[in-house]
Amino acid sequence: MTDTAIAYSPARSQGQIMKLVLRWLLYVLLITFALFYLAPLFVMLTTSLKTLEEIRTGDLISLPREVTFDAWRTAWSGACTGIQCEGVRPFFWNSVLIAFPAVILSTLIGAMNGYVVAQWQFKGANIFFALLLFGCFIPFQVVLLPMARMLGLMGIAGTIPGLIFVHVVYGLGFTTLFFRNYYVSIPSELVKAAKVDGAGFFRIFWSIFLPLSLPIIVVTVIWQFTQIWNDFLFGVSFSQAGTQPVTVALNNIVNSTTGVKEYNVDMAAAIIAALPTLIVYVIAGKYFVRGLTAGSVKG
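This structure is a prediction, so every number in the text was calculated from the model and none was measured.

Peer 1: For the state of the cysteines, give the residues involved together with the corresponding values.
Peer 2: This model, assessed by the stated rule, comprises 1 disulfide. Between the sulfur atoms of Cys80 and its disulfide mate Cys85 the distance is 1.9 Å. Measuring the twist about the S-S bond at about 80 degrees, one finds the Cys80-Cys85 disulfide to be right-handed.

Peer 1: Tell me about the environment of Ser106, and name the residues and values.
Peer 2: With respect to the helices and strands, the residue Ser106 is situated in helix α4 (residues 89-119). Once the C-alpha coordinates of Ser106 and Phe165 are considered, the two residues, 59 residues apart in sequence, prove to be 9.4 Å apart. The residues contacting Ser106, other than those within four sequence positions of it, are Val168, Leu172, Thr175 and Gln224.

Peer 1: Just give me the short version of helix α7 (residues 160-183), but keep the residues and values in it.
Peer 2: Counted at 1.5 Å a residue, the expected span for α7 with its 24 residues is 34 Å, and the 32 Å between its end C-alpha atoms agrees. In the structure, α7 departs most strongly from a straight axis at Leu172, where the bend amounts to approximately 45 degrees. The element α7 is largely enclosed, with a buried count of 19 among its 24 residues. A distance of 3.1 Å separates the backbone nitrogen of Gly162 from a side-chain oxygen at the start of α7, and that oxygen is part of Thr159.

Peer 1: How would you explain the packing of helix α6 (residues 144-154) against α7 if you had to name every residue and give the values?
Peer 2: Where α6 meets α7, the closest approach of the two axes is 11 Å, and the angle between their N-to-C directions is 135 degrees. Here α6 is positioned oblique relative to α7, judged by the angle of their axes. The handedness of the crossing between α6 and α7 is right-handed. Of the residues in α7, those touching α6 at Met147, Met150, Leu151 and Met154 are Gly162, Phe165, Val166 and Val169. Its residues assigned to classes, the contact of α6 with α7 comprises 7 nonpolar, 1 polar and no charged.

Parameters at a glance
- Residues numbered from 1 in each chain as written.
- Predicted model: local features only at pLDDT ≥ 70, side-chain atom pairs only at ≥ 80, totals over all residues.
- Heavy atoms only, no water.
- Disulfide = S-S within 2.5 Å.
- Helix = DSSP H or I, 4+ residues; strand = E, 2+ residues; numbered from the N terminus.
- Contact = heavy atoms within 4.5 Å.
- Expected span 1.5 Å × (residues − 1).
- Bend = angle between axes of the 7 residues up to and from the residue.
- Buried < 20%, exposed > 50% of the residue type's maximum accessible area, 1.4 Å probe, protein only.
- Polar contact = N/O pair within 3.5 Å; in protein donor to acceptor, adjacent residues only side chain to side chain.
- Axes fitted to C-alpha atoms, helices over the stretch in contact; angles between N-to-C directions.
- Parallel < 35°, antiparallel > 145°, perpendicular 65-115°, else oblique.
- Left-handed = near helix turned anticlockwise from the far one by under 90°.
- Nonpolar A, V, L, I, M, F, W, Y, C, P; charged D, E, K, R; others polar.

Structure representation (structure tokens):
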């Protein structure tokens, strides 16, 4: 027995070395990819902290010789977005006013739709769900004219409530899909038992399904918030002066041709515009992956 163990020990040692080498190669590969994808953010951040003179005479990837936040102050409250020079501040708060109600409404309605399609099968439920899925893949450009006509008929064209309505409607297909795939994994016996106890449609939804939905709610909130905050096409098509989101302001700042091109201000404005979604993914990214796979067993 001892001779056998001695004979196999070199092979075992070689296997362990090979595993260690492969693990370190994997780490090196992952770190390389991480550095590659973080390089643009690094350039944006360092450029936003430099003066224009240093940007013109220095290296693109070099650290700032003297850190200054003047570009950030200008981007926030002084950059020109056309004839007005108010920075991105008013547009940032417009995006907040648009994103939060739209996320809440689309998540709540999507949860109820998914609950109905998954647990309260009615005639034509599969057709209804298929049409919702079809709506997920309609390009933004296709719905611009019909949506503009609808907003005009409703009297909310060019307003923040109008933009909220647009994002809620366009997001319902995705939110319904997320919740439906999650709710089909919940045993139908829960619904039957609740019915026996006298619980109705809304009581079952609020007391049973919604408390179990935290993982998929996190997924939906992150998805919807990212889509709505980063949207440009709907924002530029259905808004007017005073109601434009931050992405429209960022486009106006970056594409401004008046005076000297302030690259540090452009970079600072881009980071400010991207900061909310970046924070959301850093804080809740792992919950997004967990929630996305939570309903993948069935459905």
